Amino acid sequence: MDIKRVVFEPAALNYPLGKKLYHAFRQKGLEILFTPSHNRVTCVPGRSVQESFIEAKRTLVVGVRRSRHLETCKPSAHYQLPLATSCPAMCEYCYLFTHFGRRPYQRVYVNLSEILELAGEYIERRKPEVTVFEAAATSDPLPVEKYTGNLARTIEFMGNQPLGRLRVVTKFTDVANLLGLDHRGHTRFRFSINAANIIKRFEHGTPPLAERLAAALKIVKAGYLPGFIIAPIFYLDGWQEQYRALFQEIARQPLLAEQNDLTLELITHRFTKKAKTTIETLFPKTELPLDEENRTFKYGQFGYGKYVYPAKVKTEIESFFKEMVATYLPRATIEYFI
């Protein structure tokens, strides 16, 4: 989805990237607005909740990240590395509905040098252990990369850190500017994938499975450590056949299927009460399984409760996925199943 308006925090114009983006977007004729803080954006229009949601997805906020604290990021990494927030996709199940609600505008930060300096301090504190950062904890950084170049700079920064590692995940496919970088094997680049029918039904505005796998091949050829996140895994009618077809599709690409360093992260579907309310408001005809009676309530790492599949269902899913991995991707490693 194309950007329609750009909202600047005035302090962003004190940075070279902020000035560059301001002039570039003005030249494109986009609507330019200002806000005192990138954390409070009230200028997103919309006569209905659904309209405001779509307009937020077409709004880019340019700000300065001032916090000197990095959140933890279990089980993916030690810490989140905030390059951006939100994304242009409209996945019905998106876990970010719990954080950003009904107006999930996209946001980028112009003070990347300061953010990377902070990451360096965190690396220093944990010496001599390796410190791993997740660049996509609350965003998909790839759609805004064409504007900022922040992901490329971060990949090269981590390439120069003997004890620093980066993890990236995306549903998108425009990886051209990342292929020639000197990453030195310090970045694991994962693609979020799902059964083709799940992508079609619930992941609106995202590339189809075949395009994501094609982008993954490019990343492998560029020497990055590869991985897939299969999430969320749904326990729906025909789920076994659909996910078997997914593994068969990956296995048709020998360069992917035979990777010794391929990792898999498997995440079953879960939702919060807040997310459910937002989802049913934004997507009143949703077919997502949101029946609380068929779930188990569990508290997560950030203190709020989630509705997850009961233990019996979770065990059945885990057993099936382990069988699929052993059959179709025997060299792959399952990093975690949740």
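Above this text is the structure in question.
So, a few notes on the structure that sits alongside this text. (Residues numbered from 1 in each chain as written. Predicted model: local features only at pLDDT ≥ 70, side-chain atom pairs only at ≥ 80, totals over all residues. Heavy atoms only, no water.)

## Some details on helix 1 (residues 16-27)
The first and last C-alpha atoms of helix 1 sit 17 Å apart over 12 residues, in line with the 16 Å expected at 1.5 Å per residue. Within helix 1 the residues assigned to the buried category are Leu17, Gly18, Leu21, Tyr22 and Phe25. Down the axis, helix 1 shows its buried residues gathered within 135 degrees of arc, on one side only. Turned more than 90 degrees away from the buried face of helix 1, the exposed residues are Pro16, Lys20, His23, Arg26 and Gln27. Buried residues along helix 1 sit against strand 1 (5-8), strand 2 (31-34), strand 3 (59-63), strand 8 (106-109), helix 5 (145-148) and helix 6 (150-159). One or two residues past the end of helix 1 sits glycine 29, with phi positive at roughly 80 degrees. (Helix = DSSP H or I, 4+ residues; strand = E, 2+ residues; numbered from the N terminus. Expected span 1.5 Å × (residues − 1). Buried < 20%, exposed > 50% of the residue type's maximum accessible area, 1.4 Å probe, protein only. Arc of directions from axis to C-beta. Contact = heavy atoms within 4.5 Å.)

## Concerning the pattern of salt bridges
With the rule as written, the count across this model stands at 19 salt bridges. For arginine 47, the salt bridge identified is with glutamate 51, shortest N-O distance 3.6 Å. Since its relative accessible area comes to 78%, arginine 47 is described here as exposed. Ionic pairing is found between arginine 167 and glutamate 265, a salt bridge with its closest N-O pair at 3.1 Å. Placement of the pair is arginine 167 in strand 10 (residues 164-170) and glutamate 265 in strand 14 (residues 263-268), with a sequence separation of 98 residues. Neither arginine 167 nor glutamate 265 differs from the other in exposure class; each is buried. What you see here is one network of salt bridges that share partners, running through Glu134, Arg167, Arg190, Glu265 and Glu335. (Salt bridge = Lys/Arg side-chain N within 4 Å of Asp/Glu carboxyl O.)

## Focus: the side chain of arginine 190
Tracing the backbone shows arginine 190 in strand 11 (residues 187-193). Here the side chain of arginine 190 touches serine 76 through a polar contact of 3.3 Å, side chain to side chain. Excluding its chain neighbours within four sequence positions, the residues that come into contact with arginine 190 are Ser76, Glu134, Arg167, Val168, Val169, Thr170, Gly227, Phe228, Ile229 and Glu265. (Polar contact = N/O pair within 3.5 Å; in protein donor to acceptor, adjacent residues only side chain to side chain.)

## A short note on helix 8 (residues 209-221)
In this model helix 8 runs 19 Å from its N-terminal to its C-terminal C-alpha over 13 residues, within 8% of the 18 Å that 1.5 Å per residue would give. Listed in full, the buried residues belonging to helix 8 are Leu209, Arg212, Leu213, Ala215, Ala216, Leu217, Ile219 and Val220. Close packing links the buried residues of helix 8 with strand 11, helix 7 (196-202), strand 12 (203-204), strand 13 (225-233), helix 9 (239-251) and helix 10 (254-257). Once helix 8 finishes, glycine 223 follows within two positions and takes phi at roughly 90 degrees, a positive value.

## Let's talk about the sheet that holds strand 3
Spatial ordering of the open sheet is given by 2-1-3-8-6, a layout of 5 strands whose pairing is mixed. Among the strands making up the open sheet, the edge pair consists of strand 2 and strand 6 (84-85). As paired strands, strand 3 and strand 8 are joined by 4 bridges and run parallel to one another. The partner of leucine 60 across the bridge, within strand 8, is glutamine 106. Relative to the sheet, helix 1 contacts strand 1, strand 2, strand 3 and strand 8, its axis offset from that of strand 1 by approximately 150 degrees. Of the strands in this sheet, strand 1, strand 3 and strand 8 touch helix 2 (residues 49-57), which is tilted by about 50 degrees from strand 3. (Pairing = 2+ DSSP bridges. Axes fitted to C-alpha atoms, helices over the stretch in contact; angles between N-to-C directions.)

## Regarding empty space enclosed by the protein
Tallying each qualifying case throughout the model produces 2 cavities of 30 Å³ or more. The volume enclosed by the largest cavity comes to roughly 50 Å³. If you go around the largest cavity, the residues you meet are Leu83, Ala84, Val108, Pro141, Val144, Glu145, Thr148, Asn150 and Leu151. Contributions of two or more residues to the lining of the largest cavity are made by helix 5 and helix 6. Estimated volume of the second largest cavity: approximately 30 Å³. Along the walls of the second largest cavity sit Phe189, Phe191, Ala216, Ile219, Val220, Pro226, Gly227, Phe228, Leu256 and Leu262, which together make up its complete lining. Elements supplying a minimum of two residues to the lining of the second largest cavity: strand 11, helix 8 and strand 13. Classifying every residue of the lining of the second largest cavity gives 9 nonpolar, 1 polar and no charged. (1 Å grid on protein atoms, 1.4 Å probe; cavity = no way out; pocket = protein on both sides within 12 Å on 5 of 7 lines; lining within 4 Å. Points joined across faces, edges and corners; volume = space filled by probe spheres on them. Nonpolar A, V, L, I, M, F, W, Y, C, P; charged D, E, K, R; others polar.)

## Regarding the packing of helix 4 (residues 112-125) against helix 6
Their axes nearest at 11 Å, the elements helix 4 and helix 6 cross at an angle of 30 degrees. Here helix 4 lies roughly parallel to helix 6, going by the angle between them. For the pair helix 4 and helix 6, the sense of crossing is right-handed. Only Asn150, Arg153, Thr154, Phe157 and Met158 of helix 6 make contact with helix 4, whose side of the interface consists of Leu112, Ser113, Leu116, Ala119, Gly120 and Ile123. Among the residues making up the contact of helix 4 with helix 6, the classes are represented as 6 nonpolar, 4 polar and 1 charged. (Parallel < 35°, antiparallel > 145°, perpendicular 65-115°, else oblique. Left-handed = near helix turned anticlockwise from the far one by under 90°.)

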